[in-house]
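# Geometric and topological summary
Take a look at the letters that make up each chain.
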Amino acid sequence: MNYHIVTYGCQMNVHESEKIAGLLRGAGYESESTIEDADIIVFNTCCIRENAENHAFGNIGALKKMKRQKRGLLIAVGGCMAQEAGKAELLVKKFPFIDIVFGTHNVAELPSLIARKQREKKVVSLLEDRAETEDGAQPYRTSYPNAWVNITYGCNNFCTYCIVPYVRGREKSRSASIILEEVRALVAAGYKEITLLGQNVNSYRDGEIDFPALLDMVASVEGKFRVRFMTSHPKDFSASLVAVMKKHERICNLLHLPAQSGSSRILSLMNRRYTREEYLEKVALLKKEIPEAELTTDLIVAFPTETEEEFEETLSLVEEADFSSAFTFIYSPRKGTKAAEMEEQIAPEVAKERITRLIDRVNENTRRKSERYVGERIEILCEDYDRKKGLYLGREPLGRMGYFAADRDCIGEFVQIRVTRANGISLYGELV
Ligand code: 5AD
Ligand code: SF4
């Protein structure tokens, strides 16, 4: 029996799909296959923007024929879209061939839902918020040499554009001792990079242990490995976190700090709880202590009421904060959020024009910053082999992808390369 998982969205979902794979393996599905050869197809969905939903809708719809031709094929839909108010009903109405719908809190219950489906004819659905952070699901990891480790679930911030707090529930922190145990086991098993995950890692708390304290403990585990973390909310980014980053060489000096906008008025409408000036103060704090540190960010254009001048403040922030790259998005109204109710939504052609200008500005920055690497020596953690290019690849500490040729399998090794060429966020070089 084979399984196939289709994953949309962020690292949180990527890691959740590893848990789904682990659960399916425990339930008798032996191997991952192509979608055509699968006996169960699981969609792990995202609903952060409308196009993420449209993708999933299209791809689930395309299974209608397969479902008719292949007896016993199971189709399960989980993740954020399944958890969205009213969406599960809409999904099964539109696609009556869906067998199982499961919510963001019910991943571990997938095997029992599959068993129930064997007995019941109608769609089996479970969308219940669970209070506990440990569900016993053992991930079947597919991202070696990196390992994802959840530290928090959910979000309490309610940025006015964002649906995450509604579909992921209130923020919960995992216990520090469980996290440390997991990290120690991963390092002992040979993982070389640990990425701590949370919607807002900076608000982590387990009794007296806050995020800087947790990060300090994780980075103190013995072994040769790197530590990354994401995502940081600027309002909670603190000097004590910078101090921990500075203390441990193995913590990568790359900070993903979503700014969302360069305009204080828009930031206030977004309920981000910082101004442009405060954001830039956090950037300065980081650069003062760790001059080589770099920042990446998320930016949204065409938030309701955004004027041309306010958009230009986002453009100028790219330079002032000196982002090495950025994820850029057109604001997408999400039903149930405050911003979706705001009256002055921006016309699509204005939004398109703004995103094009923003992408150009970001790319310019990325190119300029990457070019400085030519001639330099960098350390790459080799993570894969690109067949088309015939090159190995992996990231340097500050997040750029480095490509190089080698006559042996380097995956999982730290290697040094001398950079000969830069192309956007990618660097090409020779093994030293
Ligand atoms: N529209 C556009 N972008 C969004 N994001 C979150 N919600 C929306 C939305 N409704 C972006 C933010 C966030 C990233 C994960 O997705 O920039 O940081
Ligand atoms: Fe959404 Fe804001 Fe929470 Fe991030 S911090 S998940 S943008 S509500």
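Scroll up a little and you will see the structure.
Residues numbered from 1 in each chain as written. Chains lettered and ligands numbered in written order. Predicted model: local features only at pLDDT ≥ 70, side-chain atom pairs only at ≥ 80, totals over all residues. Heavy atoms only, no water.

## Points about the pattern of salt bridges
As enumerated under the stated definition, the model contains 38 salt bridges in all. A salt bridge links Arg 130 to Glu 128; the nearest nitrogen and oxygen atoms lie 3.0 Å apart. With a relative accessible area of 40%, Glu 128 lands in the partly exposed category. A salt bridge links Glu 383 to Arg 395; the nearest nitrogen and oxygen atoms lie 3.7 Å apart. One end of the pair, Glu 383, is in strand β17 (residues 377-386); the other, Arg 395, is in strand β18 (residues 391-395), and twelve residues separate them in sequence. Take Arg 395: its relative accessible area is 23%, and that puts it in the partly exposed class. Taken together, the salt bridges that share partners define one network made up of Glu 193, Arg 226, Arg 228, Glu 383 and Arg 395. (Salt bridge = Lys/Arg side-chain N within 4 Å of Asp/Glu carboxyl O. Buried < 20%, exposed > 50% of the residue type's maximum accessible area, 1.4 Å probe, protein only. Helix = DSSP H or I, 4+ residues; strand = E, 2+ residues; numbered from the N terminus.)

## So, the site of ligand 2
As a structural note, the neighbourhood of ligand 2 is formed by Cys 155, Asn 157, Phe 158, Cys 159, Tyr 161, Cys 162, Val 164, Pro 165, Gln 199, His 233 and Arg 272. Residue composition of the shell around ligand 2, by class: seven nonpolar, three polar and one charged. (Near = heavy atom within 4 Å. Nonpolar A, V, L, I, M, F, W, Y, C, P; charged D, E, K, R; others polar.)

## A word on the sheet that holds strand β15 (residues 294-301)
Taken in spatial order, the three strands of this open sheet run β14-β15-β16, and their pairing is parallel. The open sheet has two edge strands, β14 (254-256) and β16 (325-330), and neither has a second partner. Recorded for the sheet is a direction-independent mean angle of 15 degrees between the axes of neighbouring strands. Across six bridges, the pairing between β15 and β16 is parallel. Residue pairing across strands places Leu 299 opposite Thr 328, the latter belonging to β16. The strands touched by helix α12 (residues 276-289) are β14 and β15; relative to β15, the strand with the most contacts, the crossing angle is about 165 degrees. (Pairing = 2+ DSSP bridges. Axes fitted to C-alpha atoms, helices over the stretch in contact; angles between N-to-C directions. Contact = heavy atoms within 4.5 Å.)

## Notes on the side chain of Asn 202
Summarising the element assignment, Asn 202 is placed in the loop between β10 (193-197) and β11 (205-206). Among the polar contacts listed, one links the side chain of Asn 202 to the backbone nitrogen of His 233, at a separation of 3.4 Å. Non-local contacts of Asn 202, meaning those with residues more than four positions away in its chain, are made with Phe 211, Thr 231, Ser 232, His 233, Asp 236, Phe 237 and Leu 241. (Polar contact = N/O pair within 3.5 Å; in protein donor to acceptor, adjacent residues only side chain to side chain.)

## Some details on the environment of Tyr 331
One can find Tyr 331 in the loop between β16 and α14 (348-371). Since its relative accessible area comes to 8%, Tyr 331 is described here as buried. Along the sequence, Tyr 331 and Pro 348 sit 17 residues apart, while their C-alpha atoms lie 9.8 Å from each other. Ignoring anything within four residues of it in the chain, the contact list for Tyr 331 reads Tyr 161, Ile 300, Val 301, Ala 302, Phe 303, Pro 304, Ala 339, Ala 340 and Gln 345. At a separation of 3.5 Å, a polar atom in the side chain of Tyr 331 contacts the main-chain carbonyl oxygen of Ala 339.

## Digging into the packing of aromatic side chains
Per the counting criterion, the structure on display carries twelve aromatic pairs. Their ring planes at 65 degrees and their centres at 5.3 Å tell us that Phe 211 and Phe 229 sit as a pair that is edge-to-face. With a gap of 18 residues between them, Phe 211 in helix α9 (residues 211-219) and Phe 229 in strand β13 (residues 226-230) connect regions that are remote in the sequence. Exposure remark for Phe 211: the relative accessible area of 1% places this residue in the buried category. With 4.8 Å between their ring centres and 55 degrees between their planes, Tyr 385 and Tyr 392 make a pair best called tilted. Taken together, Phe 57, Phe 95 and Phe 97 form an aromatic cluster joined through their ring pairs. Between the NZ or CZ atom of Arg 25 and the centre of the ring of Tyr 140, over which it lies, the distance is 3.7 Å. (Phe/Tyr/Trp six-rings, centres within 6.5 Å; stacked < 30°, edge-to-face > 60°. Lys NZ or Arg CZ within 6 Å of the ring centre and 35° of its normal.)

## Here's the deal with the sheet that holds strand β6 (residues 124-126)
Read across the sheet, six strands follow the order β2-β1-β3-β4-β5-β6 without closing on themselves; strand pairing throughout is parallel. The open sheet terminates on both sides in strands that have one partner only, identified here as β2 (31-32) and β6. Alignment of strand β5 (residues 100-102) against β6, held across three bridges, turns out to be parallel. Bridge pairing in β6 places Ile 100 opposite Val 124. In this fold helix α1 (residues 11-26) packs onto β1 (2-7), β2, β3 (40-45) and β5, with an angle of close to 165 degrees to the strand it touches most, β1.

In short, the description is geometric, and any link to function would need to be established separately.
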